[in-house]
Amino acid sequence: MSRRTRRGGGPPPEQRRGPVTARRGQVEHSTTDQRLLDTRSPASFVHSDPWRVLRIQSEFVEGFGLLADLPPAVTVFGSARVGRDEPEYELGRRLGAALADAGYAVITGGGPGTMEAVNRGAQEAGGLSVGLGIELPFEQDLNDWVDLGVSFRYFFVRKTMFVKYAEAFVIMPGGFGTLDELFEALTLLQTGKVTRFPVVLMGTAYWSGLLEWLRSTVLGSARIKPGDLDLVTMTDDVDEAVRLILEGTGRAGPPAAATSGDETTSEVGGAAAAGGAPS
Ligand SMILES: C/C(=C\CNc1ncnc2c1ncn2[C@@H]1O[C@H](COP(=O)(O)O)[C@@H](O)[C@H]1O)CO
């Protein structure tokens, strides 16, 4: 406490607040805690961008905190609209089980349809079943087969988690959401933002047309380069999908022989990129 003496009186009233010294009229007569706890300010600040930045940060903190200890994982994307009685649901369930059997945790969007099928297959096979949900304008819970789940407000935070905590993607048939996730994965690979990250398309009948259009129109117009089509591999077979991931992430030796003659597998311009997990 400073004790400067004033002409004609004692020292001025003085207050230390951390590194701040306040005197005379600058002295505050309530504590920081009192100002926090004793008052209500207008709530509008929670709808401001600076406050949103804090909420976005907290989503990253929650996500990193929850997922940092995951074992090797594969993210599977696919339609929210597949019914439990559809063959695609069964395919998703078998895929989830096969990935779990191979030792992978399985990450999905935690919603219904294919996401549920894949979580269900992984959970039933004794694997770690993870769901990264998203807040939507309508009510929706994580599906019942998610054993470790977190729900996000922001799509872009959730998308970071899908990539950061997986070492491969499998893309099942789907709509706009699935296509967005597929093309984000391809863009990250194409631009070198992630490296050595297998992307496997399940369902040759569903995806062939898109790949053909990419080859004829997009590559044909030189809007991508030929090697870009090597970033993705297509199959109908869950065991093949798992093998491609194990090989592509360096967890299995290379195949003994080329896969020519396998009607269910089409390597689009080459193999899934070889390597390991993204940093
Ligand atoms: C439309 C319905 C439910 C929506 N619920 C979703 N929950 C979680 N994740 C979702 C949801 N919808 C889309 N996604 C994400 O996109 C992909 C599926 O989108 P698509 O357009 O159905 O292909 C999926 O991988 C999620 O990450 C019906 O009840």
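Predicted, not measured: the structure shown is a model, and the values here were computed from it.

Chemist: Would you take a moment to explain the overall build of the protein for this structure?
Modeler: When you go through the protein residue by residue, the secondary structure sums to eight helices and 10 strands. Residue burial in the protein is summarised as follows: out of 279 residues, 32% are buried. Excluding contacts between residues fewer than 6 apart, the proportion of contacts in the protein whose partners are at least 24 apart in sequence is 69%.

Chemist: I tried to follow the site of the ligand on my own but got confused; where do I start?
Modeler: Close to the ligand lie 20 residues; G109, G111, G174, G175 and G177 are nearest. Within the residue set of the shell around the ligand, elements represented by two or more residues are β5 (129–134) and α6 (176–190). In terms of residue class, the shell around the ligand is made up of seven nonpolar, 11 polar and two charged.

Chemist: Honestly, the nonpolar core in this entry has me stumped. Any pointers?
Modeler: In summary, soluble globular proteins display a tendency toward joint burial of nonpolar side chains. Core analysis: the biggest nonpolar cluster contains 52 residues, and V74, L95, V106 and V170 have the highest contact counts within it. Per-element accounting of this core gives the leading share, seven residues, to helix α3 (residues 87–101). Apart from the residues lying within four places of it in its own chain, the contact partners of V74 are L99, Y104, V106, A166, E167, A168, V170 and I245.

Chemist: Got a minute to help me understand helix α5 (residues 155–164) in this structure?
Modeler: Counting along an α-helix, one turn takes 3.6 residues, and residues three or four places apart therefore face a common direction. Here α5 has its buried residues at R158, M161 and F162. Considered in projection along α5, the buried side chains sweep an arc of 100° and stay on one side of the axis. Here the buried face of α5 lies against α2 (49–67), β3 (73–77), β4 (105–108), β5 and β6 (148–152).

Chemist: I tried to follow the pairing of β5 on my own but got confused; where do I start?
Modeler: On a regular strand, each side chain points to the face opposite its neighbour's, so the side chains alternate between the two faces of the sheet. Along β5, five of the six residues are buried, which leaves the element largely enclosed by surrounding structure. One crossover worth recording links β4 to the parallel β5 by way of helix α4 (residues 114–124), and it is right-handed. Taken together, the five bridges between β5 and β6 define a ladder with parallel strand orientation. From the neighbouring strand, I134 faces β6, where its bridge partner is F152.

Chemist: Please clarify how helix α8 (residues 238–248) should be interpreted in this entry.
Modeler: Residues V238, A241, V242, L244, I245 and G248 constitute the buried set of α8. Down the axis, α8 shows its buried residues gathered within 160° of arc, on one side only. Buried residues in α8 make contact with β3, α3, β7 (169–171), β8 (199–202) and β9 (233–235). Positioned one or two residues after α8, G250 has a phi angle of 75°, which is positive.

Chemist: Looking at this structure, how should I read unusual backbone geometry?
Modeler: In terms of backbone geometry, most residues other than glycine have negative phi values and most peptide bonds are trans. The backbone phi angle of R24 is positive, close to 50°, even though this residue is not glycine. One can find R24 in the loop between β2 (20–23) and α1 (32–37). For R24, a count of 9 C-beta atoms within 10 Å gives the class exposed. Positive phi is not limited to glycine here, since R196 has a value of about 55°. Following the sequence through the fold, R196 ends up in the loop between α6 and β8.

Chemist: In this structure, what is going on with the confidence of the model for the protein? I would like to understand it.
Modeler: In regions of low pLDDT, the predicted coordinates are not meant to be interpreted in detail. Mean pLDDT over the protein stands at 87; residues scoring 70 or higher make up 87%. Confidence drops under a pLDDT of 50 for residues 1–5, and excluding neighbours within four residues, the segment shows eight contacts in the predicted structure. Residue range residues 255–279 is modelled with pLDDT below 50. Its contacts to residues more than four positions away, or to other chains, number 53 contacts.

Chemist: Explain the pairing of β3 here, please?
Modeler: Of all five residues that make up β3, five are buried, and the element is covered over most of its length. A two-sided burial pattern is seen for β3, the buried positions comprising A73, T75 and F77 on one face and V74 and V76 on the other. The pairing of β3 with β4 spans three bridges and is parallel. Bridge assignment links A73 to a residue of β4, and that residue is A105. In the classification by handedness, the crossover that spans β3, the intervening α3 and the parallel β4 is right-handed. As paired elements, β3 and β7 share three bridges and run parallel to each other. Among the inter-strand pairings, V76 is bridged to a residue of β7, identified as V170.

Chemist: Is there a simple way to explain the environment of E167 in this structure?
Modeler: With respect to the secondary-structure elements, E167 resides in the loop between α5 and β7. Considered as a pair, E167 and T249 are 82 residues apart in the sequence and their alpha carbons are 7.1 Å apart.

Chemist: Any chance you could explain the packing of α3 against α8 here in plain terms?
Modeler: For any two helices packed against each other, the geometry is given by the interaxial angle and the distance between the axes. Two numbers describe how α3 lies on α8: the axes approach to 9 Å, and their chain directions differ by 40°. Between α3 and α8, the crossing angle belongs to the class labelled oblique. When the axes of α3 and α8 are compared, the crossing they make is right-handed. When α3 is examined against α8, the residues R94, L95, A98 and L99 are found in contact with a partner set consisting of V238, D239, A241 and V242.

Basis of the calculations
Residues numbered from 1 in each chain as written. Predicted model: local features only at pLDDT ≥ 70, side-chain atom pairs only at ≥ 80, totals over all residues. Helix = DSSP H or I, 4+ residues; strand = E, 2+ residues; numbered from the N terminus. Buried ≥ 20, exposed ≤ 12 C-beta atoms within 10 Å, placed from the backbone. Contact = placed C-beta atoms within 7 Å. Near = placed C-beta within 6 Å. Nonpolar A, V, L, I, M, F, W, Y, C, P; charged D, E, K, R; others polar. Core = buried A, V, L, I, M, F, W, Y, C linked by C-beta atoms within 7 Å. Arc of directions from axis to C-beta. Right-handed = clockwise from strand over helix to strand, strands pointing away. Pairing = 2+ DSSP bridges. pLDDT = per-residue confidence, 0-100. Axes fitted to C-alpha atoms, helices over the stretch in contact; angles between N-to-C directions. Parallel < 35°, antiparallel > 145°, perpendicular 65-115°, else oblique. Left-handed = near helix turned anticlockwise from the far one by under 90°.

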